[in-house]
Amino acid sequence: MPFFLNTYGFHSVHGRGLSVATGLKTARPDITVLAVGGDGDALAIGGNHFLHTMRRNIDLTYVLMDNQIYGMTKVQTAPTSAFGFEDQVTPHGNPDLPIEPVWVALCSGATYVLKP
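Residues numbered from 1 in each chain as written. Predicted model: local features only at pLDDT ≥ 70, side-chain atom pairs only at ≥ 80, totals over all residues. Heavy atoms only, no water.

**Some points on the nonpolar core**
Consideration 1: Formed by 13 residues in total, the largest nonpolar core has its most connected members in L18, F50, M54, L60 and Y62.
Consideration 2: If you list the elements that add at least two residues to this core, you get α1 (17–27), α2 (39–45), α3 (47–56) and α4 (101–108).
Consideration 3: What F50 contacts, discounting residues up to four positions off in sequence, is L18, A42, L43, Y62, P101, V104 and A105. (Core = buried A, V, L, I, M, F, W, Y, C linked by side-chain atoms within 4.5 Å. Buried < 20%, exposed > 50% of the residue type's maximum accessible area, 1.4 Å probe, protein only. Helix = DSSP H or I, 4+ residues; strand = E, 2+ residues; numbered from the N terminus. Contact = heavy atoms within 4.5 Å.)

See the structure below:
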């Protein structure tokens, strides 16, 4: 995101963007904090960070890009992939029901959630 906006920014380790954003907002409550991640980033490797950030209801903005597949590999089922979705990793179809990010955020305690 820092490449597309005229702002300060940095990249964090995969799945840890919300932890970094939480630390930044805690240290500097006076600034606007924007974090960006994908569905695999937020709901798989960073799932616990997503839950705890929503639970804490921190005053930051998180943009979750949910394309229902790991965007960097483009052939790997993500936590939001549809049941039965077939790809190179799950040729017999995804055996899991998809996670609904908005539902998880609201049930975890976030109070302002938008879904386009």
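**Quick look at the environment of V63**
Consideration 1: Tracing the chain through its elements places V63 in strand β2 (residues 61–65).
Consideration 2: With relative accessibility at 34%, the residue V63 sits in the partly exposed group.
Consideration 3: Each C-alpha atom, one on V63 and one on G38, is 8.3 Å from the other, the two residues being 25 residues apart in sequence.
Consideration 4: Setting aside chain neighbours within four positions, we find V63 in contact with L34, A35, V36 and G37.

**Overview of the side chain of T77**
Consideration 1: Structurally, T77 is set in the loop between β2 and α4.
Consideration 2: In terms of polar contacts, T77 uses its side chain to reach the side chain of T90, at 3.0 Å. (Polar contact = N/O pair within 3.5 Å; in protein donor to acceptor, adjacent residues only side chain to side chain.)

**Re α1**
Consideration 1: Of all the residues in α1, the buried ones are L18, A21, T22 and K25. One face of α1 carries all of its buried residues, which in axial projection span an arc of 100°.
Consideration 2: The inward-facing, buried residues of α1 contact β1 (34–38), α3 and β2. (Arc of directions from axis to C-beta.)

**Brief notes about unusual backbone geometry**
Consideration 1: One non-glycine residue, N57, adopts positive backbone phi at about 55°.
Consideration 2: As for its placement among the helices and strands, N57 is situated in the loop between α3 and β2.
Consideration 3: Despite not being glycine, Q68 has its phi angle at roughly 60°, a positive value.
Consideration 4: Mapped onto the elements of the fold, Q68 is located in the loop between β2 and α4.

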